[in-house]
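Observations on the model geometry
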Amino acid sequence: MNEKLKPKDVLIETASRLFRLRGYCGVGLNDIIEESGIPKGSLYYYFPEGKEQLAIEAIIHTKKLVMEEIRTVFDGISDPIDAFQAHVYELSKVFGEGGNPVGSPIGTIAGEKHSTSEPIRMACESAFRDWQSIYTEKFLEGNYTEQQSTNLAIVLHALIEGGILLALTMKSGKPLEAIAEQIPLLLIKK
């Protein structure tokens, strides 16, 4: 346990990491308790509604981490094509050979719970929309129209989510590298 973090934050970080690795159904509360080192009573104190409530907080935590990573790559790169290529190449390193992927940020949870938990579905939708808003902003900065920016943000997000899934399955960053290489062809202004 990180001594600087409060028990609630340790639980959220641990749940976030485990959900990214194993998905919602692959993680039990006992896994989170064991991995975090936080007593079971504390988990229920902070999350009286149980696993679903903790999962929502973990999704919010993961969303913030991903947004920080995107912004870090985008900072200082004004051209959207260059920014998106850099972003996807960075992901390819994380998910490629020698990388240490934590798993799909929230895609696994979204796929598992979209039809069985409306609160989790809504948390995933919020995360996806917030990530897409960063993409939309970058396109707008590059003088794409509002409609183009919104649509391209959705397309690139879908490509990236699919690329992450392929990279995890293939244990290779090659799918993400292929996406990065094709970005200039996909982002032609009309």
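Each remark here, short or long, concerns the structure printed above.
Residues numbered from 1 in each chain as written. Predicted model: local features only at pLDDT ≥ 70, side-chain atom pairs only at ≥ 80, totals over all residues. Heavy atoms only, no water.

With respect to the helices, strands and loops of the structure, Glu52 is situated in helix H4 (residues 51–74). Each C-alpha atom of the pair Glu52 and Pro119 lies 8.1 Å from the other, and the pair is 67 residues apart in sequence. Not counting the four nearest positions on each side in its chain, Glu52 is found in contact with Tyr24, Ser117, Pro119 and Ile120. (Helix = DSSP H or I, 4+ residues; strand = E, 2+ residues; numbered from the N terminus. Contact = heavy atoms within 4.5 Å.)

On to helix H7 (residues 118–141), then. Its 24 residues place the ends of H7 34 Å apart at the C-alpha level, agreeing with the 34 Å of an ideal helix rising 1.5 Å per residue. Taken together, the buried positions of H7 are occupied by Ile120, Ala123, Cys124, Ala127, Trp131, Gln132, Ile134, Tyr135, Thr136, Lys138 and Phe139. Buried residues in H7 make contact with H4, helix H5 (80–95), helix H6 (107–113) and helix H8 (146–170). The positive-phi residue at the C-terminal boundary of H7 is Asn143, with phi of around 70°. (Expected span 1.5 Å × (residues − 1). Buried < 20%, exposed > 50% of the residue type's maximum accessible area, 1.4 Å probe, protein only.)

Here Ile183 shows up in helix H9 (residues 174–186). Accessibility expressed as a relative area gives 0% for Ile183, which makes it buried. Separated by 103 residues in sequence, Ile183 and Pro80 place their C-alpha atoms 9.7 Å apart. With sequence-adjacent residues up to four places away left out, Ile183 is seen in contact with Ile81, Phe84, Gln85, Val88 and Leu156.

Core analysis: the biggest nonpolar cluster contains 53 residues, and Phe19, Ile32 and Leu187 have the highest contact counts within it. Looking at this core, the elements with two or more residues in it are helix H1 (7–22), helix H2 (29–36), H4, H5, H6, H7, H8 and H9. Of all the elements, H4 adds the most residues to this core, at 10 residues. Setting aside residues no more than four positions away along its own chain, Ile32 makes contact with Leu11, Thr14, Ala15, Leu18, Phe19, Val27, Leu43 and Leu54. (Core = buried A, V, L, I, M, F, W, Y, C linked by side-chain atoms within 4.5 Å.)

Taking 1.5 Å per residue as the helical rise, H9 with its 13 residues ought to reach 18 Å, and the 18 Å between its terminal C-alpha atoms agrees with that figure. Regarding H9, the residues found buried are Pro175, Leu176, Ile179, Ala180 and Ile183. Those residues of H9 hidden inside the fold are in contact with H5 and H8.

Applying the stated criterion to the full structure yields 0 disulfides. Cys25 carries a free sulfur, and the closest cysteine sulfur to it, the one in Cys124, is 12 Å from it. Residue class for Cys25 comes out exposed when judged on its relative accessible area of 57%. (Disulfide = S-S within 2.5 Å.)

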